[in-house]
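Coordinate analysis (summary)
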Amino acid sequence: MVAQAEWQAVEKVQTYAITGKSGAELYDSIGERGPFLGGKTRAIAHTDFKLTWTRKYEPQPDGACMITVNIPKLIITYTLPKPSAQLTGATRTSWQHFIAGVEAHERVHGGFIKDMVREIEAMSVGFSVPNDPKCSTIRVELTKRLGEISKGERQRNSDFDKVEFSDGGNLQQLVLKLVQEQ
């Protein structure tokens, strides 16, 4: 018997403070204060996640080992910029459009993460390895497969960002509209 539970991702938004009274000043502040990616490059926003699993590995009568319980716990955290002071007029309108687009972009990344968890779940529910009565080989095999799924998710995110930040791409347009606001 394999147990599979319905799960929901927990999604949180955290912000970092930026300053400025115009779109260009706000964007400059993002460049100075945005989250680091890879240690040196700052981003406008970032999506991160923590994924843990409750799994039960059970030896089977035929000598195989099977995953009989496989329940994910997923926490997705979106980090977004937030002006530290009230914005007014055209800057406020421009900012609202910009941040709505940035958050929508980050939530696509969150969707990719949820898809990855569903793919892991589908692959590993009932997963078994023959001749593994001590349930040690199954962990090695599972880790190999999870690495490939994770690699695919990272590539999907990278491909999406290339399109979004390309000439005429959605995020490039959002930035241009923000910095050109008067």
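Residues numbered from 1 in each chain as written. Predicted model: local features only at pLDDT ≥ 70, side-chain atom pairs only at ≥ 80, totals over all residues. Heavy atoms only, no water.

Structural notes on the packing of aromatic side chains
Applied cut-off: Stacked, tilted and edge-to-face pairs are distinguished by plane angle, under 30 degrees for stacked and over 60 for edge-to-face with tilted covering the rest, among Phe, Tyr and Trp rings (Trp via its six-membered ring) whose centres lie within 6.5 Å. Where helices and strands are cited, they refer to DSSP runs of H or I of at least four residues and of E of at least two residues respectively, numbered from the N terminus. Note on exposure labels: buried denotes an accessible area under 20% of the residue type's maximum, exposed denotes more than 50%, and partly exposed covers the range between, all computed with a 1.4 Å probe on protein chains only.
Within this structure, the stated rule accounts for two aromatic pairs. Plain terms: the ring middles of Trp95 and Phe98 are 5.3 Å apart, the flat faces sit at 40 degrees to each other, and that makes the pair tilted. Of this pair, Trp95 and Phe98 both sit in helix H2 (residues 89-124), three residues apart, roughly one helical turn. Taking the centre distance of 5.7 Å and the plane angle of 85 degrees together, the rings of Phe112 and Phe160 count as edge-to-face. Of this pair, Phe112 sits in helix H2 while Phe160 sits in helix H3 (residues 137-165), and the two are 48 residues apart along the sequence. As far as the burial class goes, Phe112 and Phe160 line up, both buried.

A short note on the state of the cysteines
Going by this rule: In what follows, a disulfide is any cysteine sulfur pair within 2.5 Å.
Inspection of the entire model under this criterion finds one disulfide. Here Cys65 pairs with Cys135 through a disulfide, and the sulfurs are 2.0 Å apart. Handedness here is read from the sign of the S-S torsion; for Cys65 and Cys135, about 105 degrees, the answer is right-handed. Here Cys65, found in strand S5 (residues 65-83), pairs with Cys135, found in the loop between strand S6 (128-129) and H3; they are 70 residues apart in sequence, far enough to count as distant.

Some points on unusual backbone geometry
Of note, Asn131 is a non-glycine position whose phi angle comes to about 50 degrees, a positive value. With respect to the helices and strands, the residue Asn131 is situated in the loop between S6 and H3. You can call Asn131 exposed: its relative accessible area is 68%.

No statement about biological role is implied by the geometric values presented.
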